[in-house]
Amino acid sequence: MNIDEILMDYEAVMRLALERGFYFPSCEVYGDAQAGFWEYGPSGVGLKNKFLELWRRELVRRDGMLEIDGSQIMSKSVFEASGHLGNFADPIIRCTECSSTFRADKTIVDVTGIEVPESAALEEFDDAIVQNNIKCPKCKGDFEKTRNFNMMFKVGIGPEGEEAYLRPETCQSIFVDFPRLFKIMRGKLPLGIAQVGKSFRNEIAPRQSLLRLREFYQAEIEVFCNPAKLDEMDRFSEIENTVIRVQADGDPVSMTCKEALESGMVPNKFVAYYLGILMEFYEKTGIDVKRSRFRKLGDKEKAFYAKVAFDFEVETSIGWLELVACNYRSDYDLSSHTKKSKEKFEVMDNDEKVLPHIFEISMGIDRSLYTILEHSLRDDKEHERIVLSLKPYLSPIHIGMLSLVKKDGLKEKTDEIYLQIKRKCDAFLDHSGAIGRRYRRLDELGVPFAITVDHQTLEDDMVTLRMRDSMEQKRVKISELESVIVEAISFP
RNA sequence: GCGGAAUUAGUUUAGUCUGGUAUGACGUCAGCUUCCCAAGCUGAAGGCCGCGGGUUCAAAUCCCGCAUUCCGCACCA
């Protein structure tokens, strides 16, 4: 079977998502529902929970990180310090004639070649536009005054509507909580702090369901380190032979983490180690990592806080998709919060007082889940079926529990076994319809195993265990069922 | 946000030009049959035809506005 020929595209994933309850538009019964908001259905939640369990195993626990759960609404000061109030906004201009909207700085550069910095005062854009007589590129109309479009959602707190914001990234609570966490958790550098949660960005044009949302999940890891010790990383040996694909200027090149370090593609052992464990995590999600790359970003592409940045990207039917941003943020965040809050963010590393630097692994959960679905979905033409070949430990449902037919006591026997296993795994009971149809339905949901009770079961206390991907079957004793299942669905 | 296309049941679709409240298939559910891979038969449920307004005796159909989705442009996890 040639995998490349039977992979599915965005539209097939979308149909699966809607029909099988992975995800669907929010508030869809109302006409005023806004774009960029999606719900996870039962199957989607199952997949997401298991994905996050894998993330905790492979990154948080493996590296001994601390996990927190911060608040989604944060004070204005946080974002003054973080730079989001100043930098996370685009200066925009709108044509009075055709009401097209443009980025002010880009339009001025395009027409005159004059660079007005993105962060300049709004009047500077207006002056440049008036002095150079810049008109709408589409209809030659005049522009309204420049205004800022900030991507953060502002919220009003309490009866006076005190200004605060929905966080545009989860990591700010990790930064501001760092002094307390380091003290009370007996922290030692390097220290990773992790968080899963929602972030909010008022995107101008949300697109493509889970791929560009206004409200989305992130799993972020911020590793606090001593910048003088970035090559003192004993754990590096764990991943030195792990293969990653790195892209700087040319095509992506496969190399071990050790080779990436020695060739200078990755700046130090510390960063190489985290790229390595991230790669090992993604291998276990079932995403085809042969179609992935760590793309080293140029100066113009990097976020305003990043010194060195690698985007982890994966090839999908709609092109390369960024799943994770790996940014070396240096002391940008802790310095800013020190200055603004007057709190002390320095800590002791042995006998040395240091303001830690930060390396972050900022994962887009929704995009990762989409990619898992797309890379797992197959059109098995030989057997006329759609198969979602999820890893067993990520499948929303582990086991389909079926009676071959309803009568002759098979239903009762099936119910009995179901009662026995349903607290050990995610099992789904189904008695109705032809057996083949029920198998097909489970295949499409990504259920890796089906257990079928037949007439022979009543005589020999054995059931059929059917494998999703191969469609093979074998007989298993009911008494051994539990251990067989637990083994088959366990995390690697 | 701009430009283009689209929106009818869970999915896909006929009907739209030429106004008279909707067709088929798949799926779902129940029963019979079969008894390990989407078979067959019988029956049923499921639609304010994206939302709002207008024209008309009458609107899925004509007109206007809005929203969403998809494709391009710009921006991002």
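Check the entry above for the structure.
Everything numeric in this text was worked out from a predicted model, so none of it was measured.

Draft legend 1. Fine view of the environment of Ile 365. Note that Ile 365 resides in helix H13 (residues 365–376). By relative accessible area, which is 0% here, Ile 365 ends up buried. The sequence separation of Ile 365 and Ser 43 amounts to 322 residues, and the corresponding C-alpha distance is 15 Å.

Draft legend 2. Highlighting the pattern of salt bridges. The final tally for this structure, using the stated rule, is 34 salt bridges. Asp 426 is the partner of Lys 50 in a salt bridge, and the nearest nitrogen-oxygen pair spans 2.6 Å. In this pair, Lys 50 is assigned in helix H3 (residues 42–61) and Asp 426 in the loop between helix H14 (410–421) and strand E23 (427–430), connecting sequence segments 376 residues apart. Take Lys 50: its relative accessible area is 11%, and that puts it in the buried class. The salt bridge partner of Lys 340 is Glu 80, with a shortest N-O separation of 2.5 Å. Remark: Glu 80 occurs in helix H4 (residues 76–82) and Lys 340 occurs in helix H12 (residues 332–341); sequence separation between them is 260 residues. A relative accessible area of 40% means that Lys 340 is categorised as partly exposed. Owing to a relative accessible area of 36%, Glu 80 belongs among the partly exposed residues under this scheme. Linked by salt bridges that have partners in common, Lys 76, Glu 80, Glu 163 and Lys 340 make up one network.

Rules behind the numbers
Residues numbered from 1 in each chain as written. Chains lettered and ligands numbered in written order. Predicted model: local features only at pLDDT ≥ 70, side-chain atom pairs only at ≥ 80, totals over all residues. Heavy atoms only, no water. Helix = DSSP H or I, 4+ residues; strand = E, 2+ residues; numbered from the N terminus. Buried < 20%, exposed > 50% of the residue type's maximum accessible area, 1.4 Å probe, protein only. Salt bridge = Lys/Arg side-chain N within 4 Å of Asp/Glu carboxyl O.

What is shown is where atoms sit, not what they do.
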